[in-house]
Amino acid sequence: MSYLNLKNIYKTFSSNVAVDDFSLDIAQGEFISFLGPSGCGKTTTLRMVAGFEYPTAGSIALLGNEITNLPPNKRNIGMVFQSYALFPNMTVAENIGFGLKVSNTNTIEIKARVTEALSLIHMQDLGGRYPGQLSGGQQQRVALARALAIKPKVLLLDEPLSALDAKIRLELRLEIRRIQKQLNMTTIYVTHDQEEALTLSDRIVVMNQGRVEQVDTPSRIYNYPSTEFVASFVGHINIFPVSVIDGGEGIVDLSGNKIRSRKHMQEGAIPVHMAVRPEELTPGHREGANNLTGNIHSVQYLGSVVRIQIDVSGNFLSMDLFNQRDLSIPMVGDRFDVNFSSDSCWLL
Amino acid sequence: MRKGKLNFWSFFWPILAMTYFFVPLYGTLDFSLRMKKGVISLLAYQTVLADPQFIESFQYSVVMGIVSVTLSILLFVPTVYWIYLKVPKARPFVEIVSILPFIIPTIVFVFGLIRTFSRPPFLLTLTPFKTDILMAAGYIILSMPYMFRAIDVGMRSIDVKTLTEAGQSLGANWLQILFTIIIPNLRIAILSGALIAFATVLGEMILGDFLVRPAFGAYLVLVGRSKAYEPAALSIISYALTWIMLGAIQVFAKGSSSQSQLLGRG
Amino acid sequence: MQQSVKNKSAIRWWFWLIRNPWLGLLPFFLFIIAFLILPSLNLFVGAFKDQQGQFTFANVGIIQNPYIQKSFRVSFQVSITTSIIGTLFGFLVAYAITLGNAPRWMRNILMSFSGLAANFGGVPLAFAYIATLGRTGFVTYLLKQVCFTNSKGQVCPFDLYQNGFNLYSMVGLVLAYTYFLLPLMVLTIAPAIEGMKKDWREACENLGGSTAQYWLYVGIPILWPSILASFILLFSSAFGAFATAQALTGGSIYLVPIVIGQQIRGDVMNNPNEGYALALLMVIVMGVAIALYTWLQKRTAKWVAL
Ligand SMILES: Nc1ncnc2c1ncn2[C@@H]1O[C@H](COP(=O)(O)OP(=O)(O)O)[C@@H](O)[C@H]1O
Ligand SMILES: [Mg+2]
């Protein structure tokens, strides 16, 4: 039996389908991310778990108990909002203690739990401040502590970092993961930022247009994307139309070049695209690998990485090289050889 | 998000409020149409509109309105422009000054005005023309909170300093900047301020009544003392005028955020 | 030649202004001093002079005059009653048309009508009430028709004037003032209610709070400064109102503004300096109210800015 179970969830707003047949099993202590472009239904799904929306069809069960139509204040599921949603009329400590206060916990207990929560987020000294006197990052930490103070069965976070600036975002990301591990908290984290999803999660749910595209660990999502959407949404990728030479062996033709790929196709399936990640390409010619030759089209510095585009008979192939001190960078227009192993290339 | 549940009280209070608004309006309309016994007629309106005193006072107030609104614009636009451009520090102070007419009730203000200017050395109440100067000054002061706010909001919505500097860098002189850049960008704000100020002048009764000038407000007081049906007709006419004025502001201010209204005048 | 001289002096004048930018506000301040500060100061200084022109605090003693005391009492009674009614009623209306489920068209009608009604004060409002609720008014007439016969003969339970109602009284004033104060409340409080974030409510539910707990701990604490501020605004609007009261009651109800009006016309207090003192007292009440209002507004602005 899974800890949290979503079964065949549908949600429509008037005629607009926001979530389309969403099913997922979450184990206790697991950190799950919902990843997908804006408007794909992540928030809606999360809000159904929290109880702010009710599914049009399908069911949600927590520890085997159906909670599909339970009101939100009876679920004991903590939520962190993108806008923090701290109560401006209460101090940090009062905010954190609010959930306990409304459930009639005695004041001594509330005080102890607030202190505990404050130390969890390293803000012991700021309990008396008002939200207006805190930075965005601090406010979001308080919101996290507030959600955790009720000892929720599940923690939900809806793009909690998107209103913060890059540096704070990185810092807080690590902190969320640390706290989640420390408390072994079952967590659903909504984001449209693939980097966040890849670094934080035990498993990622990639969503598109209300549907689940793939559910898998970060490394499998990245290395073995099961659909073209996942492949192109997560990370940078080269995708080219190809024609099949030998379906069983996974051999295709890319503008006259013979390419061997790792994915052997099913009988009768007709692949139309090959895919390879830019970091899998290496300069030079190598026996036994797939070799291509073209002209350098552009060179882009991206900091730690240099991205080179090579024009191979009209296909623009991106290659990423680590920007080492001794890296010799080709000039635009140069003739250039690249190779990649057949393992790193797959058909879609 | 709205919960779909229909709630009795959510209907009850708005309907009660609408009743409270509309019943006196309807009552007045009905009353104003009953001057001729037993039939519905426009006689009250005809009587009012044919009354030479009505025409005189209305004309007087319209002229006074145009004069004081023009003077008010000439005074406030350059002042607020200058504040934004050169002395932003003065803004809070001028803002407080501009709401003084809210703190000093009109009746007290008029009291002070009369006691100060009807005596030596000013003696401004001796001739009608001099009194009219006093009237115009009074109207400008009374409409100042609305005028200032309208222009201030308009000025804030455009980047006065950068626009001015851009104009200067392109070789424009100050008058050119004011008339070809600033004012065209402020015309909605100025217009809505002007309409509000104009409405204030038309509806103002204390100044005209106490300074004994034939203002529209003073005429209303007079009619109220002596007639029965005409006041109802005048009330409907005033209502319509206010409505037109506010409607015009809404039409002109559409799409701009300059939302200033006359509020709570008793 | 002459042109350049003129230009030169213009430029010099201009640089002088640039170096002393405060001088650019001179026309404004001269006007304000002449027509607002001077007349006001004239009253306030007069309030501290006796009839021989000597400095005195004696005029403030009018506060012990029963006639003046009564005018303040009546003014406070009318203003506070009508502001309480306006505040409560207006809040409920504003809530219903913002967060409540009142249909869109009701909201549109009420918001635009509020803008109109808040501006509909003074003499025309008094006329409207006389035509509606006066002795021969429309509503008075309609209600009078509701009659039935019982053992004691014909009974007309809604015959207002038979039952002690009088429009030209404090009740009438309260009814009339509410006409422009209710919409004033709706207009000022609706944005504050709409500013209540949906997230606050959801966060509260998420933490286990009920609807009642939301209002008790979050909703009302956040809104009360706005509500109080609106109440004060309504109060000062009612307290300063002259025209409606004068036209409705013909000055038969002794409100502070009415007494000042009588003083302007004919020195009813025998001592003009006492009249100035009365005006000063009235301004003090208004000043305190507006100061409180501004303070409360700043306080809410701080929260809303989050
Ligand atoms: N309350 C609502 N009413 C109508 N449509 C909604 C509502 N909430 C979300 N939607 C629609 O559902 C879809 C999914 O929205 P959402 O779950 O917010 O996406 P995401 O969080 O992935 O960006 C969108 O097309 C959005 O317009
Ligand atoms: Mg979202």
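Residues numbered from 1 in each chain as written. Chains lettered and ligands numbered in written order. Predicted model: local features only at pLDDT ≥ 70, side-chain atom pairs only at ≥ 80, totals over all residues. Heavy atoms only, no water.

### So, the interface of chain B and chain C
Many analyses report the size of an interface as the accessible area lost when the parts associate. Each side of the interface is counted separately: chain B has 83 residues, and chain C has 87 residues. Between chain B and chain C we count one salt bridge in total. Ionic pairing is found between Arg-265 of chain C and Asp-209 of chain B, a salt bridge with its closest N-O pair at 3.0 Å. Connecting chain B to chain C are 13 residue pairs in polar contact (both at pLDDT 80 or more). Here the side of chain B that touches chain C takes 20 residues from helix H1 (residues 8-32) of chain B, the largest share from any one element. Residues that form the side of chain B that touches chain C fall into these classes: 59 nonpolar, 14 polar and 10 charged. (Contact = heavy atoms within 4.5 Å. Salt bridge = Lys/Arg side-chain N within 4 Å of Asp/Glu carboxyl O. Polar contact = N/O pair within 3.5 Å; in protein donor to acceptor, adjacent residues only side chain to side chain. Helix = DSSP H or I, 4+ residues; strand = E, 2+ residues; numbered from the N terminus. Nonpolar A, V, L, I, M, F, W, Y, C, P; charged D, E, K, R; others polar.)

### A few points about the packing of aromatic side chains
Scanning all chains against the criterion turns up 49 aromatic pairs over all chains. Geometrically, the ring pair formed by Phe-12 of chain B and Trp-13 of chain B is edge-to-face, given 4.9 Å between the ring centres and 80° between the ring planes. Geometrically, the ring pair formed by Phe-31 of chain B and Tyr-229 of chain B is stacked, given 4.9 Å between the ring centres and 20° between the ring planes. You can see Phe-31 of chain B sitting in helix H1 and its partner Tyr-229 of chain B sitting in the loop between helix H11 (216-226) and helix H12 (230-252), a full 198 residues away along the chain. The exposure class assigned to Phe-31 of chain B is buried, which follows from its relative accessible area of 12%. One residue, Arg-277 of chain A, lies across the ring of Tyr-222 of chain A, its end atom 3.9 Å from the ring centre. (Phe/Tyr/Trp six-rings, centres within 6.5 Å; stacked < 30°, edge-to-face > 60°. Buried < 20%, exposed > 50% of the residue type's maximum accessible area, 1.4 Å probe, protein only. Lys NZ or Arg CZ within 6 Å of the ring centre and 35° of its normal.)

### Details of the side chain of Thr-68 of chain A
Residue and element names in this part refer to chain A. Position of Thr-68 among the secondary structure elements: in the loop between strand S5 (65-66) and strand S6 (77-80). For Thr-68, a relative accessible area of 2% puts it in the buried group. Looking at Thr-68, its side chain comes within polar contact range of the side chain of Glu-66, at 2.4 Å. Beyond its immediate stretch of four places on either side in the chain, Thr-68 contacts Tyr-54, Pro-55, Gly-58, Ser-59, Ile-60 and Arg-75.

### Considerations on the environment of Val-74 of chain C
With respect to the secondary-structure elements, Val-74 of chain C resides in helix H3 (residues 66-98). In contact with Val-74 of chain C, other than residues within four places in its own chain, are Met-170, Ile-253, Tyr-254 and Leu-255 of chain C.

### A short note on the sheet that holds strand S21 (residues 345-347) of chain A
Residues and elements named next belong to chain A. Spatial strand order, S11-S15-S21: three strands in an open sheet with antiparallel pairing. The two strands at the open ends of the sheet, each matched to only one other strand, are strand S11 (238-241) and S21. Adjacent strand axes in the sheet meet at a mean angle of 25°, parallel and antiparallel pairs treated alike. Pairing of strand S15 (residues 273-276) with S21, which is carried by three bridges, proceeds in the antiparallel orientation. Pairing of Met-274 across the sheet is with Leu-347, part of S21. (Pairing = 2+ DSSP bridges. Axes fitted to C-alpha atoms, helices over the stretch in contact; angles between N-to-C directions.)

### Comments concerning the site of ligand 1
Residues and elements named next belong to chain A. Phe-13, Asn-16, Ala-18, Pro-37, Ser-38, Gly-39, Cys-40, Gly-41, Lys-42, Thr-43 and Thr-44 make up every residue found near ligand 1. The contact in question runs from an oxygen atom of ligand 1 to an N or O atom on the backbone of Gly-41, over 3.1 Å. The separation between an oxygen atom of ligand 1 and a polar main-chain atom of Lys-42 is 2.9 Å. Bound to the protein, ligand 1 loses 63% of the 560 Å² it would expose on its own. (Near = heavy atom within 4 Å. Areas by Shrake-Rupley, 256 points an atom, 1.4 Å probe, with all protein chains shown as cover.)

### Here we look at the packing of helix H6 (residues 106-117) of chain B against helix H2 (residues 26-46) of chain C
Relative placement of two packed helices is described by the angle separating their axes and the distance separating the axes. Taken N-terminus to C-terminus, the directions of H6 of chain B and H2 of chain C make an angle of 90°; their axes are 8 Å apart at the nearest point. Regarding the angle of H6 of chain B to H2 of chain C, the classification is roughly perpendicular. Two secondary-structure elements touch here, H6 of chain B through Val-108, Phe-109, Phe-111, Gly-112, Leu-113, Arg-115, Thr-116 and Phe-117 of chain B and H2 of chain C through Ala-34, Phe-35, Leu-36, Leu-38, Pro-39, Asn-42 and Leu-43 of chain C. (Parallel < 35°, antiparallel > 145°, perpendicular 65-115°, else oblique.)

### Quick look at the domain arrangement of chain C
Residues and elements named next belong to chain C. Split by domain assignment, chain C resolves into domain 1 (1-47) and domain 2 (64-122 + 180-305). Taking both partners together, domain 1 and domain 2 bury about 460 Å²; carbon and sulfur atoms supply 81% of that area. Of all residues in domain 1, Leu-43, Phe-44 and Ala-47 give up the largest surface area on contact with domain 2, accounting jointly for 79% of the area buried on that side. Taken together, the connections running from domain 1 to domain 2 amount to zero salt bridges. There are one residue pair in polar contact (both at pLDDT 80 or more) connecting domain 1 and domain 2. Taken together, the residues that form the side of domain 1 that touches domain 2 break down as three nonpolar, one polar and no charged. (Domains from an automatic or database assignment. Buried area = accessible area lost by both parts, 1.4 Å probe.)

### With respect to the nonpolar core
With 223 residues, the main nonpolar core has Leu-4 of chain A together with Tyr-177, Tyr-179 and Ile-260 of chain C as its most contacted residues. Tallying contributions element by element places helix H9 (residues 174-203) of chain B first for this core, with 15 residues. Among the domains, domain 1 (1-47) and domain 2 (64-122 + 180-305) of chain C are the pair contributing at least three residues each to this core. Look past the residues within four positions of Tyr-179 of chain C in its chain and what remains in contact with it is Tyr-20, Phe-21, Pro-24 and Tyr-239 of chain B together with Phe-113, Ala-117, Phe-120, Leu-125 and Tyr-129 of chain C. Counting residues in hydrophobic clusters, the runner-up holds 33 residues, among them Ile-110, Ala-143, Leu-161 and Met-185 of chain A. (Core = buried A, V, L, I, M, F, W, Y, C linked by side-chain atoms within 4.5 Å.)

### Structural notes on the confidence of the model for chain B
Residues and elements named next belong to chain B. Mean pLDDT over chain B stands at 85; residues scoring 70 or higher make up 92%. Put simply, helix H8 (residues 160-169) is where chain B has its lowest mean pLDDT, 83, and helix H3 (residues 52-85) is where it has its highest, 93. Contacts for the low-pLDDT stretch residues 255-264, under 50 throughout, to residues beyond four places or in other chains number 30 contacts. (pLDDT = per-residue confidence, 0-100.)

### What about the pairing of strand S8 (residues 187-191) of chain A?
Residue and element names in this part refer to chain A. Within S8, five of the five residues are buried, which leaves it mostly tucked inside the rest of the structure. Burial of S8 is two-sided: the residues Thr-187, Tyr-189 and Thr-191 facing one way and the residues Ile-188 and Val-190 facing the other way are all buried. With five bridges joining them, strand S3 (residues 31-35) and S8 adopt parallel strand pairing. Across the sheet, Leu-35 pairs through a bridge with Thr-191, a residue of S8. Direction of pairing for strand S7 (residues 154-158) relative to S8: parallel, over a ladder of four bridges. The partner of Leu-156 across the bridge, within S8, is Ile-188. With helix H5 (residues 166-183) bridging S7 and the parallel S8, this β-α-β connection has right-handed handedness. (Right-handed = clockwise from strand over helix to strand, strands pointing away.)

### Things to note about the sheet that holds strand S18 (residues 305-312) of chain A
Residue and element names in this part refer to chain A. Taken in spatial order, the five strands make up an open sheet running S16-S20-S17-S18-S19, and their pairing is antiparallel. In this open sheet, the two edge strands, each paired with only one partner strand, are strand S16 (282-283) and strand S19 (315-322). Note: strand S17 (residues 290-301) against strand S20 (residues 335-340), six bridges, orientation antiparallel. Along S20, the bridge assignment pairs Asn-291 with Asn-339.

### So, the confidence of the model for chain C
Residues and elements named next belong to chain C. Predicted confidence across chain C gives a mean pLDDT of 86, with 95% of residues reaching 70 or more. Per-element mean pLDDT across chain C ranges from 70 in helix H1 (residues 2-19) up to 94 in H3. For this predicted complex, the interface score ipTM comes out at 0.87, while the overall pTM is 0.81.

### Points about helix H8 (residues 198-206) of chain C
Along H8 of chain C, seven of the nine residues are buried, which leaves the element largely enclosed by surrounding structure. Of the residues making up H8 of chain C, those classed as buried are Asp-199, Trp-200, Glu-202, Ala-203, Cys-204, Glu-205 and Asn-206 of chain C. Packing partners of the buried residues in H8 of chain C comprise helix H1 (42-50), S6, helix H2 (92-102) and helix H4 (136-149) of chain A together with helix H9 (211-240) of chain C. The positive-phi residue at the C-terminal boundary of H8 of chain C is Gly-208 of chain C, with phi of around 100°.

### Details of the packing of helix H4 (residues 104-118) of chain C against helix H7 (residues 170-194) of chain C
Residues and elements named next belong to chain C. Contact geometry of H4 with H7 gives a least axis separation of 8 Å together with a crossing angle of 130°. Between H4 and H7, the interaxial angle falls into the category oblique. At the point where H4 passes H7, the crossing takes the left-handed sense. In this structure, H4 uses Arg-107, Met-111, Phe-113, Ser-114, Gly-115, Ala-117 and Ala-118 to contact H7, whose residues at the interface are Tyr-179, Phe-180, Pro-183, Leu-184, Val-186, Leu-187, Ala-190 and Glu-194. Among the residues making up the contact of H4 with H7, the classes are represented as 11 nonpolar, two polar and two charged. (Left-handed = near helix turned anticlockwise from the far one by under 90°.)

### Looking at the pairing of strand S12 (residues 243-246) of chain A
All names here are of chain A. Where S12 lies against strand S13 (residues 251-254), three bridges are found, and the strand directions are antiparallel. For Asp-246, the partnering residue across the bridge sits in S13 and is Ile-251. What sits between the antiparallel neighbours S12 and S13 is a turn of four residues, in which Gly-250 has the positive phi angle 75°.

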